[in-house]
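Okay, here's what each chain looks like letter by letter:
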Amino acid sequence: MTDKTKILLDENELSTTWYNILPDMPEPPEPPLHPGTKEPIGPKELSPLFPIELIKQEVSGDRMVPIPEEVLDIYRLWRPTPLYRAYRLEAALKTPARIYYKYEGTSPAGSHKPNTAVAQAYYNMKEGVSRLATETGAGQWGSALSLATGLFGLKCTVYMVKVSYQQKPYRKSLMHLWGAEVIPSPSNKTNAGRKILAKDPDSPGSLGIAISEAVEDAATHDDTKYALGSVLNHVLMHQTVIGQEARAQLETEDEYPDIVIGSVGGGSNFAGLAFPFIGDKLRGKHDVRAIAVEPTACPSLTGGEFRYDFGDTAELTPLLKMYTLGHEFTPPAIHAGGLRYHGMAPLVSKLHAGKVIEAVALRQTEVFAAAVQFARSEGIVPAPESAHAIKCAIECS
Ligand SMILES: *Cc1c(COP(=O)(O)O)cnc(C)c1O
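Residues numbered from 1 in each chain as written. Predicted model: local features only at pLDDT ≥ 70, side-chain atom pairs only at ≥ 80, totals over all residues. Heavy atoms only, no water.

Caption draft 1: Broad picture of helix H9 (residues 191-199). Among the residues making up H9, those that are buried are Ala-192, Gly-193, Ile-196 and Leu-197. Buried residues of H9, seen end-on, are gathered within an arc of 130° and therefore sit on one face of the element. Away from its buried face, by an angle of more than 90 degrees, H9 presents the exposed residues Asn-191, Lys-195, Ala-198 and Lys-199. Buried-residue contacts for H9 involve helix H7 (162-167) and helix H10 (207-219). (Buried < 20%, exposed > 50% of the residue type's maximum accessible area, 1.4 Å probe, protein only. Helix = DSSP H or I, 4+ residues; strand = E, 2+ residues; numbered from the N terminus. Arc of directions from axis to C-beta. Contact = heavy atoms within 4.5 Å.)

Right under this line is the structure:
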């Protein structure tokens, strides 16, 4: 055990493959269903929305999927990200526990989201797509995709939840800077948006509505596809660079975690960190507890039902079997905007239903108190989303 605070890998130790948990699942997740016929959907039905390579990844049975060199080149702009040992927080808590945190805040967009945005933009570019349409809540996913599409010379249209568009104008500027077009949602550009506006001209918007608009945009334009920032299998897989790096970094300290903790919105952040460790557990190599942390204001895993539901408000997306609060649920306006989604990734949902992972819901006030304690001991001001995981780590210590 050294007493290094910051553990970095050499650039050459960057993970060159993504980890796909599908072949290690005790039971495969249920297939997505067509929104109209309610029959399982295949690659053909998904191809208006996604490039073939991502559809293949969505159902791939390969455990390790090579990361293309062009994607690795961009990952190298900020990866490997540092793993810190929170010595000062440990001291403040007077705990014998050793607390480590993986810091994705060094990416250009400031979150983990570019890990999949870069991969998605790359495969779309390879298949000749010229524009991507997407939604964003607080702006994290929209800015990650704006960055990525800019790097690969694609156009990008971001439907941004109207209330965030008004409250966070600097996020919009960031997306403009990287070359994207940003449209407050609901908008009059789509049928889905016009329908909402006819009923409620002052609608503040929601992630569910913005997804409907972006999906409709992609489905009705031949040169345009859709990109989703979380929830889907391929998105979770792209994020596993986080957990694979963390595992290698801990290994240099002769450590293996007893508990892995991540906040969950749609589930990709948690999956990215936890799946490589959960894979070790499922293959009988190491035991580990994995805890997904959500807000009490939007408790899909701890308060939702495990059933088929739509990903959006207008019922345009395929039906996914997931823990859901219902696709018409509008979460209250908590600060952790990235955790305000009614559903949960089917892979994370299936693991929770099978009791492979645990979930807790935390209140905003206690989460913020933990964020303050973390900032005053470690110096880094955590995102409201990440603060959920910090509070849980403090409780476990
Ligand atoms: C978007 C976001 C989350 C939630 O992400 P999911 O992958 O959908 O669970 C968590 N933390 C931060 C900082 C985010 O930007």
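Next comes the rest of the write-up.
Caption draft 2: Broad picture of the packing of helix H16 (residues 364-378) against helix H17 (residues 384-396). One way to put it is that H16 packs onto H17 with a least axis distance of 8 Å and a crossing angle of 85°. Classified by the angle between their axes, H16 and H17 sit roughly perpendicular to one another. On the side of H16, the interface is formed by Glu-366, Val-367, Phe-368, Ala-370, Ala-371, Gln-373 and Phe-374, while H17 contributes Pro-384, Ala-387, His-388, Ile-390, Lys-391 and Ile-394. Its residues assigned to classes, the contact of H16 with H17 comprises nine nonpolar, two polar and two charged. (Axes fitted to C-alpha atoms, helices over the stretch in contact; angles between N-to-C directions. Parallel < 35°, antiparallel > 145°, perpendicular 65-115°, else oblique. Nonpolar A, V, L, I, M, F, W, Y, C, P; charged D, E, K, R; others polar.)

Caption draft 3: Fine view of the domain arrangement of the protein chain. Once the domains are mapped, the protein chain shows domain 1 (6-24 + 65-110 + 239-396) and domain 2 (43-57 + 125-233). Distance between the C-alpha centres of domain 1 and domain 2: 23 Å. At the junction of the two partners, domain 1 supplies 23 residues and domain 2 supplies 24 residues. Here domain 1 packs against domain 2, burying approximately 1,900 Å² in sum over the two surfaces, 71% of which is carbon and sulfur. If you look at where domain 1 meets domain 2, you find zero salt bridges. (Domains from an automatic or database assignment. Buried area = accessible area lost by both parts, 1.4 Å probe. Salt bridge = Lys/Arg side-chain N within 4 Å of Asp/Glu carboxyl O.)

Caption draft 4: Structural detail: the layout of surface pockets. Reported here for the second largest pocket is a volume of approximately 810 Å³. Looking at the second largest pocket, it is lined by 34 residues, and the ones nearest its centre are Val-161, Gly-205, Ser-206, Leu-207 and Thr-330. Secondary-structure elements contributing two or more residues to the lining of the second largest pocket are H7, H9 and H10. It is H9 that provides the largest number of residues to the lining of the second largest pocket, a total of five residues. A per-class count over the lining of the second largest pocket returns 15 nonpolar, 13 polar and six charged. (1 Å grid on protein atoms, 1.4 Å probe; cavity = no way out; pocket = protein on both sides within 12 Å on 5 of 7 lines; lining within 4 Å. Points joined across faces, edges and corners; volume = space filled by probe spheres on them.)

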